[in-house]
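# Notes for the structure review
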Amino acid sequence: MLQAAIDIGSNTVRLLIGEVAGGQVAVHSQALITTRLGNTRVGERLSAEGREKTIAALQVFQERLAAAGVSEPPQVAATSAVREAADGADFQQEVWQKLGWRLEILPGEAEAACSYCGAASVLAGLAGGPGEPVIIDVGGGSTELICRQADGRVAGRSVKVGAVRLFNGEVQPAELQDKLAALLAVLPGGRPQPGAYRFISVGGTITLVAALLAGVAEYRREAVSGRIVSREELAGLRAELQPLSPAQRLQKYPLLQGREDIIIAGLSIYLALADLLAASEFIASDAGLLDGLLLRGAKNERY
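The sections below set out a description of the structure shown in this document. (Residues numbered from 1 in each chain as written. Predicted model: local features only at pLDDT ≥ 70, side-chain atom pairs only at ≥ 80, totals over all residues. Heavy atoms only, no water.)

### Focus on the overall build of the protein
- Within the protein, the secondary structure is distributed over twelve helices and eleven strands.
- When its C-alpha atoms are laid out on the principal axes, the protein stretches across 50 × 45 × 40 Å.
- A sequence separation of at least 24 residues applies to 69% of the contacts in the protein between residues at least 6 apart.
- For the protein, the accessible area works out to roughly 12800 Å², and carbon and sulfur atoms hold 48% of it. (Helix = DSSP H or I, 4+ residues; strand = E, 2+ residues; numbered from the N terminus. Contact = heavy atoms within 4.5 Å. Areas by Shrake-Rupley, 256 points an atom, 1.4 Å probe, with all protein chains shown as cover.)

Dropping the structure here:
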């Protein structure tokens, strides 16, 4: 039976329609609409424009669900933009009134657990090698680091550093390293150990970069998941794009649509993480939060 999950993020609203089987999600279709809901600072009210665009995106997705024959209501989750807004509960009520959908505002710990579950579900199909998996999720409003602890439980750490926040100046480039350093507390021992981890990365920045490096004209999950993105490739792409205007970037790489302005911020966060974690490469995965939401729903669990 087809099911759906929707992620209302700081930069985009994403839809995944799929079927859960064997602990994985078989994808039927995906969609993404840029709404920039998180274009405000922590503790402020969501912008009227961002709310309007997000509701419109959800209405588009509602039509797609009907066309796909999805009979059950989708699992709709919001992350840092709504979680940290002064009027998050008001927006939650607006979603209910206009779409009849219950919006779950995910706490940071639940977001991390869902992302880990989703990414871990496809580890068997990703590049192998030694090292414990560590999930990295760089979003528009926050960055998470998630890994399994010595006692077997999954734990995550989140900081309010994301591509939109960095682009807007809420976080300054000189602050990146210090702010991201708080993520290290979740690693066993509290510090990176070269060669001890495999860094599985989810979220719009890394999957878009993987698609650009793969040279695909149209985004496809199978072209992205499992692709290794090296630190040198990240640095090279930033050096190539930084001198260009957003319009020039988009002209060169049409896949940047909706991220042509914030892509430098996203790349800068990854390069800072590479230094912080002593990581020479990241494994891109298109499976993450949305897959985790569907897997959680199939088990009738709450993280």
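Having seen it, we continue.
### With respect to the nonpolar core
- Ile-136, Leu-180, Leu-234, Leu-273, Leu-277 and Phe-282 are the most contacted members of the largest nonpolar core, which totals 50 residues.
- If near-sequence neighbours (up to four positions away) are discounted, Leu-273 is found in contact with Ile-136, Val-138, Thr-143, Leu-180, Leu-183 and Phe-282.
- Grouped together as the second largest cluster of nonpolar side chains are 24 residues, Ala-4, Ile-6, Ile-55 and Phe-91 included. (Core = buried A, V, L, I, M, F, W, Y, C linked by side-chain atoms within 4.5 Å. Buried < 20%, exposed > 50% of the residue type's maximum accessible area, 1.4 Å probe, protein only.)

### Comments concerning helix 4 (residues 108-120)
- For helix 4, which comprises 13 residues, the first-to-last C-alpha distance of 18 Å matches the rise-based estimate of 18 Å (1.5 Å per residue) to within 8%.
- In terms of burial, helix 4 is largely enclosed, as eleven of its 13 residues are buried.
- Regarding helix 4, the residues found buried are Gly-108, Ala-110, Glu-111, Ala-112, Ala-113, Cys-114, Ser-115, Tyr-116, Cys-117, Gly-118 and Ala-119. (Expected span 1.5 Å × (residues − 1).)

### A look at unusual backbone geometry
- Positive phi, normally seen in glycine, also occurs at Arg-36, with a value near 55 degrees.
- As for its placement among the helices and strands, Arg-36 is situated in the loop between strand 3 (24-34) and helix 1 (48-68).
- Positive phi, normally seen in glycine, also occurs at Ala-278, with a value near 55 degrees.
- Turning to its location among the elements, Ala-278 is positioned in the loop between helix 11 (263-277) and strand 11 (281-284).

### Thoughts on the packing of aromatic side chains
- Within this structure, the stated rule accounts for three aromatic pairs.
- Look at Tyr-197 and Phe-199: their rings are 6.1 Å apart centre to centre, the planes differ by 50 degrees, and that puts the pair in the tilted class.
- Assessed through its relative accessible area of 7%, Phe-199 is described here as buried.
- Seen from their ring centres, Tyr-270 and Phe-282 are 5.2 Å apart, and the 80 degrees between their planes marks the pair as edge-to-face. (Phe/Tyr/Trp six-rings, centres within 6.5 Å; stacked < 30°, edge-to-face > 60°.)

### A few points about the sheet that holds strand 10 (residues 228-230)
- Across the sheet, six strands lie side by side as 8-7-6-9-11-10; this open sheet has mixed pairing. Each edge of the open sheet carries a strand with a single partner, namely strand 8 (154-159) and strand 10. Pairs of neighbouring strands in the sheet enclose a mean axial angle of 30 degrees, with direction left out of account.
- Inspection of the sheet shows strand 6 (residues 132-138) paired to strand 9 (residues 197-202) by six bridges, in the parallel sense. Considered in strand 9, the bridge of Pro-133 is made with Arg-198.
- Helix 9 (residues 231-241) contacts strand 10 and strand 11 of the sheet and is inclined by roughly 65 degrees relative to strand 10.
- Relative to the sheet, helix 11 contacts strand 6, strand 7 (143-148), strand 9 and strand 11, its axis offset from that of strand 6 by approximately 150 degrees. (Pairing = 2+ DSSP bridges. Axes fitted to C-alpha atoms, helices over the stretch in contact; angles between N-to-C directions.)

### Structural notes on the sheet that holds strand 4 (residues 75-78)
- Here five strands make up an open sheet; going across it, the order is 3-2-1-4-5 and the pairing mixed. The sheet terminates laterally at strand 3 and strand 5 (103-105), the two strands that pair on one side only. Neighbour to neighbour, the strand axes of the sheet diverge by 20 degrees on average, direction disregarded.
- Bridge count between strand 2 (residues 12-21) and strand 3: ten bridges; the pairing is antiparallel. If you follow Val-13 over to strand 3, its bridge partner there is Ile-33.
- Docked against the sheet, helix 1 engages strand 1 (3-8), strand 2 and strand 3, running at close to 25 degrees with respect to strand 2.

### A short note on the environment of Ile-269
- When you line up the elements, Ile-269 lands in helix 11.
- Put simply, Ile-269 and Val-27 are 242 residues apart on the chain and 29 Å apart in space, counted from C-alpha to C-alpha.
- Discounting chain neighbours no more than four positions away, the residues touching Ile-269 are Val-138, Thr-143, Val-161, Gly-162, Ala-163, Leu-166, Leu-176 and Leu-180.

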